[in-house]
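The lines below spell out each chain.
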Amino acid sequence: MWVPSLEGRSPVRYLAIVEALADAIAAGELRPGERLPTHRDLAWKLGLNVSTVTQAYREAARRHLVSGEVGRGTYVLAASREAALFGLKAVAAAHGEPGGPAPIDLSTNVPAVDPDSADLAAALAAVAAEGRIDAALAYHSPALLRRAGIAGAAWLAARGLHLRPADVVPCAGAQAALTAVLLQLCAPGDPVLVEDLAFPGLKAAARWLRLPLHGVAMDGEGVLPGALDRAARATGARVAVLVPNLQNPTGAVMGLARQAEIAAVARRHGLWLVEDDAYGALADRPPLVALVPEQGVLVTSLSKTVAAGLRFGLIAGACAPVRDLAGQIHATSWPLAPLMGEVACRWIEDGTAARRLAWQRAEIAARHGQARRALPGLAAPDLVPGPHLWLPQDDAGAAAARCLAAGVEVVAADVFAVTREAPQGLRLSLAAAGSRAELAEALARLRGVLGVQNGSSESLSVSRSENTVPSP
């Protein structure tokens, strides 16, 4: 029977059990599928109340470490470092290191929030005034889905991708859209080519669908054409999932010449190019799939550019897989909440989405400038301003631990790495800070931890007007 040692751990006993459980899983002492002691047995062994162990197991389940089944017991789940980015934050982390500063979260890639925005309240008031609330809370109507396709096509036209509404399939966010595309294009076991540092949602979807990922080497413009060519020949892959615009986590942006080279490789090998364009509107660069419309599927949403909680995603392309997915409405459009669809369509139609995007671009540009001045020489030069910044570090895991000890949560390369050869580094999500003042405080903490010697420290007294009326 597994019995943890709680010595030297959190003084809160249930959290100490969770910490020991996480360490045992990471060390391989507890393996996926292994059954844990009953609440009563572990409480007796540790000399604790049963309610304390019950609380510990409940917290471990919330952190996706275990799963409890009534009548069968509690079992260890398969490890997923990526899932930690989407799970709830640990209770202990809210207090930071003992005696240290409260942590500032630069780990979650979310858009910046305009504290003065009343857009959602206005949209909901308009829906209510028009007598459309009941329709927004009912099942989808064919009219709303047609409207969503038209609005989605208009949104993509601003990106330089001109499609018919019939070529645009609305979904409940980009993650759901990506999963549907992979299900359409792949069978379990099919190899999928990706950047050698891939965003966690893709890794999670591939694990769930049993699709082996093969990392392709990158530079400052994304995947290398020669490396993609070699990987396609070596693996026989027929699908590549790429992020050409503001790649997550590196922030790489493909130039037009590189896009043409990648398109040529795709044609040569018959590769389906699945482009995750979640950040593309922030970069204001054309999508890669526009060069290979017969082999390209674009996946995007409004979550990174307009509002994080607006779960309105799109699958788009003038090709057979998209036409097939358009006919699978229960697997694509049906999970989209009608109220979210109504708000998203309204915002695209009346210009609110474009206005919020412009605000986001300007705010990100300002924050990007803050980071480059506070951490000179650490990031690659000439980056397109994006919501995340990649800092190369030799031992990323240790560096992330030092950052957390200093009161800043960042994400290390192992969360993104697909291959052992993937570059080491840290991702800083600049838009996650609640304000530019909070970001300035986080950057000041990081300067000492990351060994920055020169460069200006950002002022911590950023006024309210500076936080809410950004300048590029």
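Scoring rules and cut-offs
- Residues numbered from 1 in each chain as written.
- Predicted model: local features only at pLDDT ≥ 70, side-chain atom pairs only at ≥ 80, totals over all residues.
- Heavy atoms only, no water.
- Helix = DSSP H or I, 4+ residues; strand = E, 2+ residues; numbered from the N terminus.
- Buried < 20%, exposed > 50% of the residue type's maximum accessible area, 1.4 Å probe, protein only.
- Contact = heavy atoms within 4.5 Å.
- Axes fitted to C-alpha atoms, helices over the stretch in contact; angles between N-to-C directions.
- Parallel < 35°, antiparallel > 145°, perpendicular 65-115°, else oblique.
- Left-handed = near helix turned anticlockwise from the far one by under 90°.
- Arc of directions from axis to C-beta.
- Core = buried A, V, L, I, M, F, W, Y, C linked by side-chain atoms within 4.5 Å.
- Pairing = 2+ DSSP bridges.
- Polar contact = N/O pair within 3.5 Å; in protein donor to acceptor, adjacent residues only side chain to side chain.
- Patch = residues over 30% accessible without salt bridge, like charges linked within 9 Å, V, L, I, M, F, W, Y side chains within 5 Å.
- Areas by Shrake-Rupley, 256 points an atom, 1.4 Å probe, with all protein chains shown as cover.
- Salt bridge = Lys/Arg side-chain N within 4 Å of Asp/Glu carboxyl O.

Chemist: So what's going on with the environment of A344? Residues and values would help.
Modeler: Inspection of the secondary structure assignment puts A344 in helix α13 (residues 338-350). Of the residues examined, A344 reaches a relative accessible area of 0% and is grouped as buried. Along the primary structure A344 and L302 are separated by 42 residues, whereas in three dimensions their C-alpha atoms are 8.2 Å apart. Those residues in contact with A344 that sit more than four places away from it in its chain are L302, L310 and F312.

Chemist: Pulling in residues and values, what's your account of the packing of helix α14 (residues 352-374) against helix α16 (residues 436-449)?
Modeler: Between α14 and α16, the shortest axis-to-axis distance is 10 Å and the interhelical angle comes to 20 degrees. Taken together, α14 and α16 sit at an angle that is classed as roughly parallel. In this structure, α14 crosses over α16, and the sense of that crossing is right-handed. Between α14 and α16, the residues in contact are E363, A366, R367, Q370, A371 and A374 and R436, L439, A440, L443 and R447, respectively.

Chemist: Explain helix α15 (residues 396-405) to me, using residue names and the numbers behind them.
Modeler: Every buried residue belonging to α15 is among A396, A399, A400 and C403, and all of these are buried. In a view along the axis of α15, the buried residues occupy a sector of 100 degrees, so they form one face of it. Two residues or fewer past α15, G407 is found with a positive phi of approximately 95 degrees.

Chemist: Which residues make up the nonpolar core, and what values do they have?
Modeler: The tendency in soluble globular proteins is for nonpolar side chains to be buried as a group. Counting residues in hydrophobic clusters, the biggest one holds 35 residues, and the most contacted among them are L156, L302, V306, L310, F312 and W347. Broken down by secondary-structure element, the contributors of at least two residues to this core are α6 (142-157), α11 (280-283), β12 (313-316), α13 and α14.

Chemist: Residues and numbers for the sheet that holds β12, please.
Modeler: The 7 strands are arranged β4-β12-β11-β10-β9-β5-β6 in an open sheet whose pairing can be described as mixed. Looking at strand neighbours, the two that pair on one side only are β4 (168-171) and β6 (213-216), the edges of this open sheet. Ignoring which end each strand starts from, the neighbouring axes of this sheet average 20 degrees apart.

Chemist: Just give me the short version of the sheet that holds strand β13 (residues 388-392), but keep the residues and values in it.
Modeler: Judged by pairing direction, the sheet is antiparallel, and its 3 strands sit side by side in the order β13-β16-β15 without closing on themselves. In this open sheet, the two edge strands, each paired with only one partner strand, are β13 and β15 (411-412). Sheet strands in contact with α15 are β15 and β16 (425-429), and its direction is about 40 degrees off that of β16.

Chemist: Describe the environment of L273, and please don't skip the residues or the numbers.
Modeler: Tracing the sequence through the fold places L273 in strand β10 (residues 272-276). On the accessibility criterion, L273 (2% relative accessible area) is buried. When the C-alpha positions of L273 and V241 are compared, they lie 6.1 Å apart, and in sequence the two are 32 residues distant. Beyond its immediate chain neighbours, meaning those up to four positions away, L273 contacts A240, L242, A266, L288, V289, V292, Q295, G296 and V297.

Chemist: Before we move on, can you summarise the side chain of E342 with the specific residues and values?
Modeler: Position of E342 among the secondary structure elements: in helix α13. The exposure class of E342 is buried, given its relative accessible area of 4%. Of note is the side chain of E342, whose polar atom sits 2.9 Å from the side chain of R346. Contact partners of E342, with chain neighbours within four places excluded, come to V127, R132, L144 and R147.

Chemist: Tell me about a nonpolar patch on the surface, residues and numbers included.
Modeler: On the surface, a nonpolar cluster with roughly 330 Å² of combined accessible area is contributed by Y139, I329 and W334. I329 sits in the partly exposed class, given a relative accessible area of 30%.

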